[in-house]
Amino acid sequence: MDKKTIAIGLGVAAVIIFAVVSFSRKQKTAEETQGGSALPNAKQLYSQAVALKKDHKMAEAQEAYQKILTEYPNADNVETVQLEMEDLNLHMIFSAGQADKALVHEVQSGDTLGKLAKKYNTTVELIKRNNNLAGDTIALGQKLRIWQGSFNIYVDKSQNILILKDGNEVVKVYRVSTGQNNGTPAGKFKIVNKLVDPVWFNRGVVVPPESPANVLGSRWMGFDVPGYGIHGTIEPETIGQHVTAGCIRMRNEEAEELYSLIPVGTEVTVVE
């Protein structure tokens, strides 16, 4: 897979990504013109994005943010742009607010959230978020909005980042921890199991989820290679370091967010 350079700034509050949003788009420069007139500068585009978001024109705001990231990667406020873009991406996914990425399913006899999640290759959690459902009960004839993205994950061990993508489009970049002594295997994997509050089996010892010694945190997303996966942590201060036994470690709240989005079968690419 070709990938563009992603520059990381390690700030106090977040990981700052000078990433392109599309892996297939070539970077433009501020000197380029379009239709015979100069492209708007980064400050103008940012003002447009904020105004569009305020007017609930989310798709148009998304496009304006994307232009800043691809055309002005060195803009002074690129860190803010990246974070606001990620927040907007997730807002649109959780609300099923992008018409071309959502469908409406009318509940039929025998439907359950689990069956619908499997049918549409999504998660129960995301269907519930899309429809403001407090519980798991659905009614015959009820119309449910269902997000139809195609999530995949890209992990760069050298920079300790995990990129959640929808197709080729970057949704969000997370700072993670990977294996010490290059212990995280590189290659292509699939998520084959997911657990809430997982039990940790540590060299024959069963460590329950409520134990402060359970290093897996609040979520587990296992690979098709036994013993490896993505999980939460009881040591958030180690995020961004090469310290794990081989798994990919995330902050609990971010592992929970990722867990709610990706279904079993999601492809994970890990590179050196």
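The rules behind the values
- Numbering of residues starts from 1 in each chain and follows the order in which that chain's sequence is written.
- Reporting in this predicted model follows two pLDDT cut-offs: at least 70 for local features of residues, and 80 or more for side-chain atom pairs to be given and counted; totals over whole chains, interfaces and linings ignore these cut-offs and use all residues.
- Just so you know, side-chain values use all the structure's heavy atoms and leave hydrogens and water out.
- By definition, two strands form a pair when at least two bridges between them are found by DSSP.
- Strands here are runs of E lasting at least two residues and helices are runs of H or I lasting at least four, both read from the DSSP assignment and numbered beginning at the N terminus.
- Partly exposed describes any residue whose relative accessible area lies between the buried limit of under 20% and the exposed limit of over 50%, with all areas from a 1.4 Å probe on protein chains only and scaled to the type maximum.
- Note on contacts: a residue pair qualifies if any of its non-hydrogen atoms lie within 4.5 Å across the two residues.
- The working definition used for a salt bridge is a side-chain nitrogen of Lys or Arg within 4 Å of a carboxyl oxygen of Asp or Glu.
- The patch calculation keeps residues exceeding 30% relative accessible area without a salt bridge and links them within 9 Å when they carry like charges or within 5 Å when they are nonpolar (Val, Leu, Ile, Met, Phe, Trp, Tyr).
- Using the Shrake-Rupley algorithm and a 1.4 Å probe, accessible areas are obtained, with residue cover drawn only from the displayed protein chains.
- Only buried residues count toward a nonpolar core. Its members are Ala, Val, Leu, Ile, Met, Phe, Trp, Tyr and Cys residues joined through side-chain atoms within 4.5 Å.
- One less than the residue count of a helix, multiplied by 1.5 Å, gives the span that helix is expected to have.

Strand order in the open sheet formed by 8 strands is E9-E8-E7-E18-E11-E14-E15-E17, and the pairing between neighbours is mixed. Both outer strands of the open sheet, strand E9 (169-175) and strand E17 (248-249), are each paired with one neighbouring strand and no more. Taken together, the 4 bridges between strand E11 (residues 187-196) and strand E18 (residues 267-271) define a ladder with antiparallel strand orientation. Bridged to Phe-189 within E18 is Val-268.

Turning to helix H6 (residues 252-261), a few remarks are in order. Structural remark: α-helix, 3.6 residues per turn; residues separated by three or four positions point the same way. For H6, the tally of buried residues reaches 7 of 10 residues, placing the bulk of the element in the interior. Turning to H6, its buried residues are Glu-254, Ala-255, Glu-257, Leu-258, Tyr-259, Ser-260 and Leu-261.

This part is about the side chain of His-231. As for its position among the elements, His-231 is in strand E15 (residues 229-231). On the accessibility criterion, His-231 (4% relative accessible area) is buried. If we skip the residues at most four places from it in the chain, His-231 touches Val-215, Leu-216, Arg-219, Trp-220, Cys-247, Ile-248, Arg-249, Met-250 and Ala-255.

For the structure shown, the criterion picks out 7 salt bridges. The closest approach of N and O atoms between Lys-53 and Glu-84, which form a salt bridge, is 3.9 Å. With Lys-53 in helix H1 (residues 42-54) and Glu-84 in helix H3 (residues 78-94), this pair connects stretches of sequence that are 31 residues apart. Look at Lys-53 and you get partly exposed, because its relative accessible area is 29%. The residue Arg-249 makes a salt bridge to Glu-235 at a minimum N-O spacing of 3.5 Å. With a gap of 14 residues between them, Arg-249 in strand E17 and Glu-235 in the loop between E15 and strand E16 (242-244) connect regions that are remote in the sequence. We classify Arg-249 as buried; its relative accessible area is 8%.

This next bit is on a nonpolar patch on the surface. The grouping of Val-199, Phe-201 and Val-206 at the surface amounts to a nonpolar patch, some 290 Å² of accessible area in total. By secondary structure assignment, the location of Phe-201 is in strand E12 (residues 200-202). Residue classification places Phe-201 among the exposed positions, given a relative accessible area of 61%.

So, about the nonpolar core. Grouped burial of nonpolar side chains is what soluble globular proteins tend to show. Core analysis: the largest hydrophobic core is formed by 27 residues, its most contacted members being Leu-162, Ile-230 and Leu-258. Those elements giving two or more residues to this core turn out to be H3, strand E7 (151-156), strand E8 (161-166), E9, E11, strand E14 (219-223), H6 and E18. The dominant element in this core, judged by the number of residues it contributes, is H6, at 4 residues. Apart from residues no more than four positions distant in its own chain, Leu-162 is found in contact with Ile-153, Tyr-154, Val-155, Lys-172, Val-173, Tyr-174, Val-176, Ile-230, Ile-248, Met-250 and Leu-258. In this structure, Ala-61, Ile-68, Ala-75 and Leu-88 belong to the second largest nonpolar core, which totals 16 residues.

Moving on, we come to the environment of Pro-212. Topologically, Pro-212 is positioned in the loop between strand E13 (205-207) and E14. For the pair Pro-212 and Ile-234, spaced 22 residues apart in the sequence, the C-alpha separation amounts to 7.4 Å.

Its 14 residues give helix H2 (residues 58-71) an end-to-end C-alpha distance of 20 Å, which sits within 8% of 20 Å, the value for a rise of 1.5 Å per residue. Burial analysis of H2 places 10 of its 14 residues in the buried class, the great majority of the element. Where H2 is concerned, the buried positions are Met-58, Ala-61, Gln-62, Ala-64, Tyr-65, Gln-66, Ile-68, Leu-69, Thr-70 and Glu-71. Where H2 is buried, its residues meet H1, H3 and E9.

All we've got here are geometric facts, nothing functional implied.
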